[in-house]
Amino acid sequence: MAAYALPRALVTLALAGTIAATAAIPVTAAPRAVSPRSARSATQDALDAITRAGTPGALARVDRANDVWHGTSGVADLRTGRARLPQDRFRAGSLTKPFVATVLLQLAAEPEYGLSIDDTVDKWLPGVVRGSGNDGRLITLRQLLQHTSGLYDYIKDDGFRAKFTGMEFFAHRYDGATPSELVRIGLAHRPLFAPGAGWSYSNTNYILAGLVIESVTGNTYASEVERRIITPLGLRGTTFPGTSPSVPGPHGQHYSTLYGDGPGTRVYDVTDFNPSVSGASGEIISTARDLNVFMRSLVRGRLLPPAQQKEMFAGRDIGDGRSYGLGIRSQTLKACGVKVWGHSSEIPGSLTRTAATADGQHVITLNRNSDWGDHALEQAAVEAEFCGPRHH
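Just so it is clear, the model here is predicted, and its values are computed rather than measured.

Parameters at a glance
- Residues numbered from 1 in each chain as written.
- Predicted model: local features only at pLDDT ≥ 70, side-chain atom pairs only at ≥ 80, totals over all residues.
- Heavy atoms only, no water.
- Helix = DSSP H or I, 4+ residues; strand = E, 2+ residues; numbered from the N terminus.
- Buried < 20%, exposed > 50% of the residue type's maximum accessible area, 1.4 Å probe, protein only.
- Areas by Shrake-Rupley, 256 points an atom, 1.4 Å probe, with all protein chains shown as cover.
- Salt bridge = Lys/Arg side-chain N within 4 Å of Asp/Glu carboxyl O.
- Core = buried A, V, L, I, M, F, W, Y, C linked by side-chain atoms within 4.5 Å.
- Contact = heavy atoms within 4.5 Å.

Concerning the overall build of the protein chain
- Counting its regular elements, the protein chain contains 12 helices and 15 strands.
- Per-residue burial over the protein chain gives 61% buried out of 392 residues.
- Element-wise, carbon and sulfur atoms account for 52% of the exposed surface of the protein chain, whose accessible area totals about 14,200 Å².

Structure below.
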């Protein structure tokens, strides 16, 4: 491989989670954490606000120049009261996407593969994208990575949601799915718009991107990510679990309301489930440290040569100060005007956000072990970190 490899757009409620065989716990039972004060008091305050709002536990890691800061609030486990730890692993959902996009761009930089991101999907997956007005001969790999393909998001399918939300989790938490099955669900719906004519976040795009990587290399997307990114960067807490339902290594529990709300809503332990229903769109398990190392390496150009780096970070405006590149998004923070690059994710029992300045000098990853509540809480934590207490 080339020397450069040296080292709410969310995966949402329809992703299959699991209910542990434990009693339901009222949402209001989530304890408020007591965390030590630190120099980053505004960021710590934002984590405490997340747990006050009902999330069992939150954690964050900040890398700034040569300084590292860890913040935690609440608990990793409601039954034992164990605190969240800096090394905890968690399901990081759509943070999978920048890894997959990076590999596809690396392949485009390596002449022996003969791949261009402006190739059609049909060139690499002949006949796969057909039906209901969908046509892979008209959709490019760039459009997959940037969510401009118009393909319907399979997780919005009513049948898929019926299986993987509410108490149906009990019956389907270990079912899993193949990439082909997920693509077929998406292709059963008409496209949202003609390829390139709009922008709409669709997990179907990245299931297809994973299949393209396999078609090009003969290897799974997970093995290519491991070979090209995880191993060279020493991301020892990062794994692609495939069909394995467990979270390896040290980790807290993941909690969900099963996407119910209203009075008396209860939460369940959904830590174990088969993440193949997310696949190349969202199966990754990682740590705050590993995600910071990856994002810092990515924005600094350590993983891609200049031409592909430019392609990845050429964002399409999606409104509200945000743009979406190829597997990565930018946002100009309203509180202070700082522009950050990264991604966010939602998967049963876990919400994650990673953001970095363009020079990689300042990076934060935060995670909460819940999938309910106000998403503005993560935004408040990011703004607190990059804009400081005067703007928070």
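Observations regarding the pattern of salt bridges
- If you walk through the whole model with that rule in mind, you get 15 salt bridges.
- The partner of Lys334 in a salt bridge is Asp320, with the nearest N and O atoms 2.7 Å apart. Taken together, the residues Lys334 in the loop between β12 (329-332) and β13 (339-347) and Asp320 in the loop between β10 (316-319) and β11 (322-324) connect sequence positions 14 residues apart.
- The class of Lys334 is exposed, set by a relative accessible area of 65%.
- Accessibility expressed as a relative area gives 47% for Asp320, which makes it partly exposed.

A closer look at the nonpolar core
- Counting residues in each nonpolar core, the largest one holds 71 residues, and the members touching the most others are Ile229, Phe294, Met295, Leu298 and Met312.
- At eight residues, the largest contribution of residues to this core is made by helix α8 (residues 203-217).
- The residues contacting Ile229, other than those within four sequence positions of it, are Phe99, Thr102, Val103, Glu224, Leu235, Phe294 and Leu303.
- Residues Ala42, Val62, Ala355 and Leu366 belong to the second largest nonpolar core, which totals 19 residues.

Things to note about unusual backbone geometry
- Despite not being glycine, Leu258 has its phi angle at roughly 60 degrees, a positive value.
- Mapped onto the secondary structure, Leu258 falls in the loop between β7 (255-256) and β8 (266-269).
- Among the residues examined, Leu258 registers a relative accessible area of 5% and is labelled buried.
- Even without a glycine there, the phi angle at Tyr259 is positive, about 65 degrees.

Focus on the environment of Lys156
- With respect to the helices and strands, Lys156 occurs in the loop between α4 (141-146) and α5 (158-164).
- C-alpha separation for the pair Lys156 and Asn203, spaced 47 residues apart in sequence, amounts to 9.6 Å.

Focus: the environment of Phe294
- Inspection of the secondary structure puts Phe294 in helix α10 (residues 288-299).
- Remark: the alpha-carbon pair of Phe294 and Phe99, spanning 195 residues in sequence, is separated by 8.6 Å.

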